[in-house]
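# Observations on chain architecture
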Amino acid sequence: NAGVTQTPKFRVLKTGQSMTLLCAQDMNHEYMYWYRQDPGMGLRLIHYSVGEGTTAKGEVPDGYNVSRLKKQNFLLGLESAAPSQTSVYFCASSYSMTDRMITDTQYFGPGTRLTVL
Amino acid sequence: AQSVSQHNHHVILSEAASLELGCNYSYGGTVNLFWYVQYPGQHLQLLLKYFSGDPLVKGIKGFEAEFIKSKFSFNLRKPSVQWSDTAEYFCAVKQGATGGGNKLTFGTGTQLKVEL
């Protein structure tokens, strides 16, 4: 199993450009997440998905859109990139919780380092 | 909204010193607790987790954490650190049994540097 993979690993954009980050997981997880990591701020949830075809906003959703057309993939789009979106982006996935006694762990991808000039 | 506090932002220790990193959370109900580690240039990896039962949880690489419900704390400990423990450590909390995507709230992280 590859686990959680992310493409690309690095990207430099100019202000106003758009791009899509791809996350893929081969663990048949129901839930998927996009975070951004900034120095001194930990990880903040951008958007998440509880299943194919569904998405929801997290803590910092503005300026981002997501889609979950297939269970194994979760796409993060930047419509018009801004310097404030310079960050490291992590995708994660986890099982759904059908029983409160079932443990749940989020598994993370390697990250995408995005710079917006 | 739930919050997670990691009061130590930067910690520098010598090899073989003992480690304790603090983590406090604000939610009063059932919680699931995690410590993740991020080695330089790598992604987050799970160190240990607490869901229920024994409040003293043992994880990988000799780390352990103790859940103290009355103090809303989940501090990470290691008796003797190694140079290879140099990394950033994140505490995370999930409100238990609420569904809604099992979202985690992360602390801001503690950067640990272990010197030889």
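Residues numbered from 1 in each chain as written. Chains lettered and ligands numbered in written order. Predicted model: local features only at pLDDT ≥ 70, side-chain atom pairs only at ≥ 80, totals over all residues. Heavy atoms only, no water.

### Focus: the overall build of chain B
Broken down by element type, chain B carries zero helices and 12 strands. The linear arrangement of helices and strands in chain B, starting from the amino end, is β-β-β-β-β-β-β-β-β-β-β-β. Relative to the compact-globule value of 13 Å for 116 residues, chain B shows a C-alpha radius of gyration of 14 Å, a close match. Each principal axis of the C-alpha distribution contributes one length, and for chain B these read about 45 × 30 × 20 Å. Here chain B, with 116 residues, has 47% of them falling under the buried criterion. (Helix = DSSP H or I, 4+ residues; strand = E, 2+ residues; numbered from the N terminus. Rg over C-alpha atoms; globule rule 2.2 N^0.38 Å. Buried < 20%, exposed > 50% of the residue type's maximum accessible area, 1.4 Å probe, protein only.)

### Examining the state of the cysteines
With the rule as written, the count across this model stands at two disulfides over all chains. Paired by a disulfide, Cys23(A) and Cys91(A) hold their sulfur atoms 1.9 Å apart. Between Cys23(A) and Cys91(A) the disulfide shows an S-S torsion of about -75°. By sign, it is left-handed. Of this pair, Cys23(A) sits in strand 3 (residues 19-25) while Cys91(A) sits in strand 9 (residues 87-94), and the two are 68 residues apart along the sequence. Judged by relative accessible area, which is 0%, Cys23(A) ranks as buried. The exposure class of Cys91(A) is buried, given its relative accessible area of 0%. Between the sulfur atoms of Cys23(B) and its disulfide mate Cys91(B) the distance is 1.9 Å. One disulfide, between Cys23(B) and Cys91(B), carries an S-S torsion of -65° and so falls in the left-handed class. Of this pair, Cys23(B) sits in the loop between strand 3 (19-21) and strand 4 (24-25) while Cys91(B) is found in strand 10 (residues 87-95), placing the two residues 68 residues apart along the sequence. Per residue, the accessibility class of Cys23(B) equals that of Cys91(B), and both read buried. (Disulfide = S-S within 2.5 Å.)

### As for the sheet that holds strand 7 (residues 64-67) of chain A
Residue and element names in this part refer to chain A. What the four strands build is an open sheet, ordered 1-3-8-7; its pairing is antiparallel. On the outer flanks of this sheet lie strand 1 (4-7) and strand 7, each paired with one strand and no other. Neighbour-to-neighbour, the strand axes of the sheet open up by a mean angle of 20°, direction not taken into account. In the sheet, strand 3 pairs with strand 8 (residues 73-78) via six bridges, with the strands oriented antiparallel. Across the sheet, the residue bridging to Cys 23 is Phe 74, located in strand 8. (Pairing = 2+ DSSP bridges. Axes fitted to C-alpha atoms, helices over the stretch in contact; angles between N-to-C directions.)

### Digging into the environment of Gln38(B)
Counting through the fold element by element, Gln38(B) comes out in strand 5 (residues 31-38). Judged by relative accessible area, which is 10%, Gln38(B) ranks as buried. One polar contact links Gln38(B) to Gln37(A), side chain to side chain, over a distance of 2.8 Å. (Polar contact = N/O pair within 3.5 Å; in protein donor to acceptor, adjacent residues only side chain to side chain.)

### Observations concerning the nonpolar core
Judged by nonpolar contacts, the single largest core of 28 residues is most densely connected at Leu33(B), Trp35(B), Leu47(B), Leu48(B), Phe74(B), Leu76(B) and Tyr89(B). Not counting residues within four places of it along the chain, the set of residues in contact with Phe74(B) comprises Cys23(B), Leu33(B), Phe34(B), Trp35(B), Leu48(B), Tyr50(B), Ala65(B), Glu66(B) and Phe67(B). (Core = buried A, V, L, I, M, F, W, Y, C linked by side-chain atoms within 4.5 Å. Contact = heavy atoms within 4.5 Å.)

### Considerations on the environment of Glu15(B)
Residue and element names in this part refer to chain B. Mapped onto the secondary structure, Glu 15 falls in the loop between strand 2 (10-14) and strand 3. Remark: the alpha-carbon pair of Glu 15 and Tyr 25, spanning 10 residues in sequence, is separated by 29 Å. Every residue in contact with Glu 15, bar those within four places of it in the chain, is listed here: Val 81, Gln 82, Trp 83, Val 114, Glu 115 and Leu 116.

### Focus: the environment of Tyr89(A)
Residue and element names in this part refer to chain A. Its location among the elements puts Tyr 89 in strand 9. With 24 residues separating them along the chain, Tyr 89 and Arg 113 place their C-alpha atoms 6.4 Å apart. Within the structure, the side chain of Tyr 89 is placed 2.7 Å from the side chain of Tyr 64, a separation counted as a polar contact. Polar side-chain contacts of Tyr 89 include one of 2.6 Å to the backbone oxygen of Gln 85.

### So, the pattern of salt bridges
Charged atoms that come close allow side chains of opposite charge to pair. All names here are of chain B. Counted according to the given criterion, the structure contains seven salt bridges over all chains. Here Glu 64 makes a salt bridge to Arg 77, at a shortest N to O gap of 3.4 Å. Residue Glu 64 is found in strand 8 (residues 64-68), and its partner Arg 77 is found in strand 9 (residues 73-78); the two are separated by 13 residues along the sequence. On the basis of relative accessible area, Arg 77 is assigned to the partly exposed category, the value being 22%. A network of salt bridges, in which partner residues are shared, links Lys 58, Glu 64, Glu 66 and Arg 77. (Salt bridge = Lys/Arg side-chain N within 4 Å of Asp/Glu carboxyl O.)

All we've got here are geometric facts, nothing functional implied.
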